[in-house]
Amino acid sequence: MTSPSTGPIAPDPTEPAPIKAVPLRHPGQWIAAAVVLILVALFVWGAATNDAYRWDTYAKYLFDTRILSGVWYTLVLTVLAMIIAIILGVVLAVMRLSPNPVLRYTAWVYLWIFRGTPVYVQLVFWGLFPSIYKRIDLGIPFTVQFAHFDIQALNAAFLFAMIGLALNEAAYMAEIVRAGVSSVGEGQTEASVALGMSWAQTMRRTVLPQAMRVIIPPTGNELISMLKTTSLVAAVPFTNELYGRARDISGVNFQPIPLLMVASTWYLVITSVLMVGQFYLERYYSKGASRQMTARQLKAMAAVQNAPIIEGESDERR
């Protein structure tokens, strides 16, 4: 070290020597990673050389029109069932939080039934709905009926599958929404009321934006779960969705393994897209929840700090 006025400066003997940091070695991690890579390579090689997978059949039916039609029905069934489930789940969550005991216990009984029985059993019941209720009459009870619907004449397997999935999912969405609303502190609600907000304004402007941080992650998981649960609608029976179409084709060519691989590939593709959307939704609603700044925020702060001071702003910054 040198000084422009006094020349070289002798090192201070009282200062400690600089530390020579040696990175900590983890041989166990490298060995585990090597073992995993070897096992994955062996599995891929075995699957590629195994004739039972019938990769030629897999490539033939991957973009088959019947499979693509099943993908479309699966997406429509998933979206419509989740929309109904979210709306009904919000209503049930409000009923659960209501001071009215009739509404509260009615919602509790609904959750008890639909969470306590398997979804496959519920779908079987919906498949038998035309046998249980052969005709539905609309009108004034015991007096005049305005309309009659012959349920047995309806070919509504898709409708019954959608209703069965939605009613089951609504029970879980109700608990998710209730947990999200309950996670917001009472002080937030009291502050909104003190500002003159109504109940609806308080929910829309104060409670729900904060509750979304808790609601979004499990809702995304339920959406992905709903996509896979559509494979059970054969109990209705409805077989136009992805798994049903793959099973129908394998029943003709007697090659179930490659058709199962085709269905699994499309499930993985759709699930991956949904996971990406869930990631961005979670990041959007988690703004302000953590003090740790993102790379974009750090870059913006550095740009502001390094920006030149304009002549009119110098007095204000001082």
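Residues numbered from 1 in each chain as written. Predicted model: local features only at pLDDT ≥ 70, side-chain atom pairs only at ≥ 80, totals over all residues. Heavy atoms only, no water.

A. Main features of the packing of aromatic side chains. Counted according to the given criterion, the structure contains 12 aromatic pairs. Here Phe63 and Trp266 contribute two aromatic rings whose centre-to-centre distance is 5.8 Å and whose plane-to-plane angle is 90°, an arrangement assigned as edge-to-face. Placement of Phe63 in the loop between helix 2 (55-61) and helix 3 (65-97) and of Trp266 in helix 11 (residues 256-285) is noted, with a sequence separation of 203 residues between them. By relative accessible area, Phe63 is classed as exposed at 58%. A relative accessible area of 15% places Trp266 in the buried class. (Phe/Tyr/Trp six-rings, centres within 6.5 Å; stacked < 30°, edge-to-face > 60°. Helix = DSSP H or I, 4+ residues; strand = E, 2+ residues; numbered from the N terminus. Buried < 20%, exposed > 50% of the residue type's maximum accessible area, 1.4 Å probe, protein only.)

B. Spatial organisation of the packing of helix 4 (residues 101-116) against helix 7 (residues 157-182). The contact between helix 4 and helix 7 brings their axes to 9 Å, and the two run at 120°. Our classification of the angle between helix 4 and helix 7 gives oblique. Of the two elements, helix 4 crosses helix 7, and the hand of that crossing is left-handed. The residues of helix 7 that touch helix 4, namely those facing Tyr110, Leu111, Phe114 and Arg115, are Leu167, Asn168, Ala170, Ala171, Tyr172, Ala174 and Glu175. (Axes fitted to C-alpha atoms, helices over the stretch in contact; angles between N-to-C directions. Parallel < 35°, antiparallel > 145°, perpendicular 65-115°, else oblique. Left-handed = near helix turned anticlockwise from the far one by under 90°. Contact = heavy atoms within 4.5 Å.)

C. Local environment of the side chain of Gln278. Along the chain, Gln278 falls in helix 11. In this structure Gln278 comes out as buried when scored by relative accessible area, which is 12%.

D. The pattern of salt bridges, seen in detail. Applying the stated rule across the entire model yields 5 salt bridges. A salt bridge links Arg66 to Asp64, with the nearest nitrogen and oxygen atoms 3.0 Å apart. In this structure Arg66 comes out as partly exposed when scored by relative accessible area, which is 36%. Classification of Asp64 by relative accessible area gives buried; the value is 16%. When the shortest N-O distance is used, the salt bridge between Arg245 and Asp248 registers 3.7 Å. Highlighted residues: Arg245 and Asp248, both in helix 10 (residues 242-253), separated by 3 residues, approximately one helical turn. The class of Asp248 is partly exposed, set by a relative accessible area of 32%. Connected through salt bridges with shared partners, the residues Arg96, Arg115, Glu175 and Arg178 form a single ionic network. (Salt bridge = Lys/Arg side-chain N within 4 Å of Asp/Glu carboxyl O.)

E. Geometry of the nonpolar core. Judged by nonpolar contacts, the single largest core of 42 residues is most densely connected at Leu92, Tyr110, Leu123, Leu165 and Val233. Of all the secondary structure elements, the ones that give two or more residues to this core are helix 3, helix 4, helix 5 (119-127), helix 7 and helix 9 (199-229). It is helix 7 that provides the largest number of residues to this core, a total of 14 residues. Counting residues in each nonpolar core, the second largest holds 15 residues, with Tyr58, Tyr61, Trp266 and Ile270 among its members. (Core = buried A, V, L, I, M, F, W, Y, C linked by side-chain atoms within 4.5 Å.)

F. Representation of the packing of helix 8 (residues 186-194) against helix 9 in the model. Relative orientation of the contacting elements helix 8 and helix 9 amounts to 160°, with a least axis distance of 10 Å. Classed by the angle they form, the pair helix 8 and helix 9 counts as roughly antiparallel. As for the relative orientation of helix 8 and helix 9, their crossing is right-handed in sense. Taking contact as the criterion, the partners of Gln188, Thr189 and Ser192 in helix 8 are, on helix 9, Thr202, Thr206, Val207 and Gln210. Its residues placed into classes, the contact of helix 8 with helix 9 shows 1 nonpolar, 6 polar and no charged. (Nonpolar A, V, L, I, M, F, W, Y, C, P; charged D, E, K, R; others polar.)

G. Expanded view of unusual backbone geometry. Cis geometry is found at the peptide bond from Val236 to Pro237, where omega equals 5°. When you line up the elements, Pro237 lands in the loop between helix 9 and helix 10. Positive phi values are uncommon outside glycine, yet Arg54 reaches one of about 50°. Mapped onto the fold, Arg54 is located in the loop between helix 1 (27-49) and helix 2.

H. Main features of a nonpolar patch on the surface. The grouping of Val121, Phe125, Leu128, Ile132, Tyr133, Ile136 and Leu138 at the surface amounts to a nonpolar patch, some 640 Å² of accessible area in total. Take Leu138: it is sitting in strand 3 (residues 135-139). On the basis of relative accessible area, Leu138 is assigned to the partly exposed category, the value being 44%. (Patch = residues over 30% accessible without salt bridge, like charges linked within 9 Å, V, L, I, M, F, W, Y side chains within 5 Å. Areas by Shrake-Rupley, 256 points an atom, 1.4 Å probe, with all protein chains shown as cover.)

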